[in-house]
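Results of the structural survey
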Amino acid sequence: EVFSGSTVKQGEAEAVVIGTGLNTFFGRAAALVAGANEGLGHLQQVLAKIGNFCICSIAIFLVAEIFVMFPGFRFRYRRGINNLLVLLIGGIPIAMPTVLSVTLAIGAKQLAEHKAIVTRISAIEELAGVTILCSDKTGTLTLNELTIKTDSVKLYSEVTVDEVLLWSAYASRTENPDAIDKSIVGSLPDPAMARDGIVELDFVPFNPVDKRTQSTYRRNSDGAVHRVTKGMSQVILELCTRGMTPEVQSQLHADVDEFAGRGLRALAVAEESVPSGEADGEGTGFRLIGLLPIFDPPRHDTKETIRRAIDLGVHVKMITGDQLAIAKETGNQLKMGSEMYQASILNKPDELKGLANSVDELVLRADGFAGVYPEHKYEIVERLQNLGHMVAMTGDGVNDAPALAKANVGVAVADASDAARSAADIVLTEAGLSTIIEAFMHSRVIFQRMRNYSIYTCAVTIRVVTTFSILVFAFKFDFPPFMVLILAIIND
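Residues numbered from 1 in each chain as written. Predicted model: local features only at pLDDT ≥ 70, side-chain atom pairs only at ≥ 80, totals over all residues. Heavy atoms only, no water.

Focus on the overall build of the protein
Within the protein one finds 18 helices and 15 strands. Relative to its length of 492 residues, the protein is extended, with a C-alpha radius of gyration of 33 Å against a globular reference of 23 Å. Taking the principal axes of the C-alpha coordinates as reference, the protein spans close to 120 × 45 × 45 Å. Of all 492 residues assigned to the protein, the portion counted as buried reaches 46%. (Helix = DSSP H or I, 4+ residues; strand = E, 2+ residues; numbered from the N terminus. Rg over C-alpha atoms; globule rule 2.2 N^0.38 Å. Buried < 20%, exposed > 50% of the residue type's maximum accessible area, 1.4 Å probe, protein only.)

Structure, rendered in structure tokens:
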């Protein structure tokens, strides 16, 4: 089964179309984005509540004044209407929308200075109330750069780690390298060592069929010709005939399983001599020399950033499409917990036995989910919101767009796709999570200003309606029309 939008690198095939439009993978993601923006935002709900409070307060005292002035005191219509206008105009917080909008606009400018561009201004207020941050792993928590874990390299012959790295670099491209070749060459003290002292005679690049690369080269020091290959461990194992014993095979399988359990990708390396000295000459048989662990390392500031988030009362959850073992290993390194699950469990309540009483409980308690699809991210955010949490979501790809749109605050990280940026409320211009933490802190300062003003507004409404009503009830005080004008202009 092939998804629409997939890129075919080589070959040809005939296919039967089984879904178009909203029935495709992209279509379902687009439908989720379209349905995520329904309903009022949190700021609109808060303003509506404040408005209702002010209106109800004014209405109660207006009704009281009407009954006291006209049936009670027998005021004439013209005399009583001015007193009613004072309550009606003086008690309504006319300037509140303007003050809050200006406060948010100034806050957006301040956040922009800290590499966070606000695309929906009311998101600042919602960011201040976030209690859970769902973060993508690749590129946000990690560098999105494959790296060789040199302290965990496995050796199978009388060689050193440096020699294994150098041989694997010989079997790597130095011009236009892919991610794996770049990581191997980058592990050398000097990248130029990948071609120093040798003359490359032949190079076979990686392809999906052979699942390995191979280089044949001549050493300048003695003119000897050697051939080195690196690739998938099982493929390399089948090539090795020299020095291969059942014990070595068992050890290799055990090491690959160990790497997999730690969330590390394994890359085997083997070499052979070519006595004929020809590029296509027959070799003496490949000898397994090492197994390289490859991983995407966390950013240098991520661990500290997560600690700061926890101190701010924000729980960080990892939401990644990578394998579960990789997610757990990254979580352990970042001290963010390892209670992570496959996202498929969200649709299998029968598998929750012994884990949680409900899917909602599992989602709330989990430190992260692996193997997620767009609909999984959307569902996780939705469930957390239904539990009463304010949720922020980070992402960079098209598959993140539905969850970014659904979250209270969607954050598109640096170098995000256009789809992610358009669905997000805040766009970061600097990589990593540290910028988000700065945004949390500044948004809370901005929110405190808005909160203080809102409390002041409600207090002013109560003061106006109670004070002026008491003056009417107790002293039959008449308010001149000019006082209405003064209240409307200078009260806020």
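Some thoughts on the nonpolar core
Leu133, Ile426 and Phe440 are the most contacted members of the largest nonpolar core, which has 40 residues in total. It is helix H17 (residues 434-475) that contributes the most residues to this core, eight residues altogether. Not counting chain neighbours up to four residues away, the residues in contact with Phe440 comprise Leu127, Val130, Leu133, Leu312 and Val314. Counting residues in hydrophobic clusters, the runner-up holds 31 residues, among them Ile319, Leu384, Ala401 and Ala405. (Core = buried A, V, L, I, M, F, W, Y, C linked by side-chain atoms within 4.5 Å. Contact = heavy atoms within 4.5 Å.)

Here we look at the packing of aromatic side chains
Per the stated rule, a full pass over the model turns up three aromatic pairs. Between Tyr453 and Tyr456, the aromatic rings sit 6.0 Å apart at their centres with planes inclined by 45°, giving tilted as the arrangement. Taken as a pair, Tyr453 and Tyr456 lie in helix H17 at a separation of three residues, close to a single helical turn. Positioned above the aromatic ring of Phe295 is the side chain of Lys149, whose terminal nitrogen or guanidinium carbon lies 5.0 Å from the ring centre. (Phe/Tyr/Trp six-rings, centres within 6.5 Å; stacked < 30°, edge-to-face > 60°. Lys NZ or Arg CZ within 6 Å of the ring centre and 35° of its normal.)

Quick word on unusual backbone geometry
Among all residues except glycine, the phi angle is most often negative; among peptide bonds, the trans geometry is most common. Despite not being glycine, Lys115 shows a phi value in the positive range, around 70°. Residue class for Lys115 comes out partly exposed when judged on its relative accessible area of 38%. Phi at Asp415 is positive, roughly 65°, even though this residue is not glycine. Mapped onto the elements, Asp415 comes out in the loop between strand S14 (409-412) and helix H16 (418-423).

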